[in-house]
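Next come the chains, spelled out residue by residue.
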Amino acid sequence: MPKKVVLAYSGGLDTSIIIPWLKETYGCEVIAMIGDLGQREDLEGARKKALATGASAAFVEDLREEFITRFIWPTLRAGAVYEHKYLLGTSFARPLLAQRQVELAKKLGADALAHGCTGKGNDQVRFELAAKALAPELKIIAPWREWTINSREDAIAYARAHDVPVEQTTKNIYSRDRNIWHLSHEGGVLEDPANAPEESMWQWVVSPATAPDQSTTIEIGFEAGVPVSVNGKKLGPVALIEQLNEIAAANGVGRMEMVENRLVGIKSRGAYETPGGTLLIAAHRELESLCLDRETAHYQQMLALRYAEMVYYGMWFTPLRESLDAFFAKSQERVTGSVGLTLFKGNLSVASRRSPFSLYRTNLASFTMTGYNPKDAEGFINLFALPITVPQEAEIRREAEAG
């Protein structure tokens, strides 16, 4: 039986009821760990709520800059997007929260960890893989795999019975996760893929229909694949993402919904608001088109797919992910420059690409033949066609010999 448990606590419905449940079920001391990932919520209020509902201590950890520099930037640099659409906002947040949870447990002498992830979702895997990689000796408690609560309605009823205040109601049933990178929505009408998202569900990115009637153009600067400036002004990681979030959200850019394949084998429906991230992914991709040679660019696409899967699956603290980081650190050395983007009513287009390492050459790309001998192409085509022409010639020879 665990004696002291560190709970990854958000103050939402699930983690709010876990504190009294842990005390009732295990008779243990519960310590709440609240990670500040830029979710812009009342974290001090969450800390007080944890204490009021039975936690012996509660800590708010400012993880914003570490989140960006150690998790967001490497994933962005890799060009990792899960199933063409998902920008991994929840996925790469979990390993960091789990890491800090483990660090706190070791510091305070706790013998167990707990989380509020459901038994159907990906997050349970992400939290627990990180914990097993960093502290396999700690017991892991996952209440959703133990208790008799089977739905969010049951959870709301449990909260009411134990005088735990929660914002969710049976009419506002969305499960949400927010950080500086994104805001996700699950549940409610989204559970039927035939239903369009309700306009009232979106909380961050304005409707494209009500976005300004004038376009906005911005320029994002990169150094070795890492964002460093907006409109020529150098910014720190937190300020940079916050500024891009504000600009994109005001112009209706960054909404997305999808049916995705969870790691546990279930298809799920989610809606995501990732305003600044949408701009950064687009700008980084366009700068790469200017700076990377063809072979590196094409090979990187394959590795980006694998990187996205590993982040989505919670395999952050693994030798393969670290090895892939080494590859991308090398491939991104020349990805320095700036990209201009134009935003208009939810749409995004490229206005400019500039780099001191650009591989684009006007004299080669233009229709004029300066700097290029077209006769060289003849030999190239003949050699390139050998895998096509040799079998044809062999077939003609066989037919002649048979005839």
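Residues numbered from 1 in each chain as written. Predicted model: local features only at pLDDT ≥ 70, side-chain atom pairs only at ≥ 80, totals over all residues. Heavy atoms only, no water.

A. Layout of the packing of aromatic side chains. Counted under the stated rule, the structure contains 15 aromatic pairs. Seen from their ring centres, Trp-21 and Trp-147 are 5.5 Å apart, and the 85° between their planes marks the pair as edge-to-face. One end of the pair, Trp-21, is in helix 1 (residues 13-26); the other, Trp-147, is in the loop between strand 5 (139-141) and helix 6 (152-161), with 126 residues separating them in the sequence. Exposure remark for Trp-147: the relative accessible area of 8% places this residue in the buried category. Residues Tyr-299 and Phe-327 carry aromatic rings whose centres are separated by 6.0 Å and whose planes lie at 65° to one another, so their mutual orientation is edge-to-face. With Tyr-299 in helix 9 (residues 294-313) and Phe-327 in helix 10 (residues 319-331), this pair connects stretches of sequence that are 28 residues apart. Among the aromatic residues, ring-to-ring pairing joins Phe-71, Tyr-299, Tyr-307, Trp-316, Phe-327 and Phe-328 into one connected group. (Phe/Tyr/Trp six-rings, centres within 6.5 Å; stacked < 30°, edge-to-face > 60°. Helix = DSSP H or I, 4+ residues; strand = E, 2+ residues; numbered from the N terminus. Buried < 20%, exposed > 50% of the residue type's maximum accessible area, 1.4 Å probe, protein only.)

B. Representation of the side chain of Thr-342 within the structure. Within the element layout of this structure, Thr-342 appears in strand 13 (residues 337-344). A distance of 3.1 Å separates polar atoms of two side chains, one belonging to Thr-342 and the other to Thr-217. In contact with Thr-342, not counting residues within four places along its chain, are Ser-215, Thr-216, Thr-217, Asn-347, Leu-348, Ser-349 and Ala-351. (Polar contact = N/O pair within 3.5 Å; in protein donor to acceptor, adjacent residues only side chain to side chain. Contact = heavy atoms within 4.5 Å.)

C. Main features of helix 6. Turning to helix 6, its buried residues are Arg-152, Ala-155, Ile-156, Tyr-158 and Ala-159. Viewed end-on, helix 6 has its buried residues packed into an arc of 160°, placing them on one side of the element. For helix 6, the exposed residues set more than 90 degrees away from the buried face come down to Arg-160 and Ala-161. Here the buried face of helix 6 lies against helix 1 and strand 6 (175-178). Two residues or fewer after helix 6 comes Asp-163, characterised by a positive phi angle close to 55°. (Arc of directions from axis to C-beta.)

D. Here's a closer look at a nonpolar patch on the surface. A surface patch of nonpolar side chains, about 380 Å² in accessible area, is lined by Phe-380, Ile-381 and Phe-384. Summarising the element assignment, Phe-380 is placed in helix 12 (residues 376-384). (Patch = residues over 30% accessible without salt bridge, like charges linked within 9 Å, V, L, I, M, F, W, Y side chains within 5 Å. Areas by Shrake-Rupley, 256 points an atom, 1.4 Å probe, with all protein chains shown as cover. Salt bridge = Lys/Arg side-chain N within 4 Å of Asp/Glu carboxyl O.)

E. Quick peek at the pattern of salt bridges. Using the criterion set out here, one finds 24 salt bridges in the structure. Between Arg-353 and Glu-286 there is a salt bridge; the shortest N-O distance is 2.8 Å. Of this pair, Arg-353 sits in strand 14 (residues 347-354) while Glu-286 sits in helix 8 (residues 275-291), and the two are 67 residues apart along the sequence. Among the charged side chains, a salt-bridge network with shared partners connects Arg-94, Asp-123, Arg-126 and Asp-177.

Function cannot be inferred from these measures alone, as they are strictly geometric.
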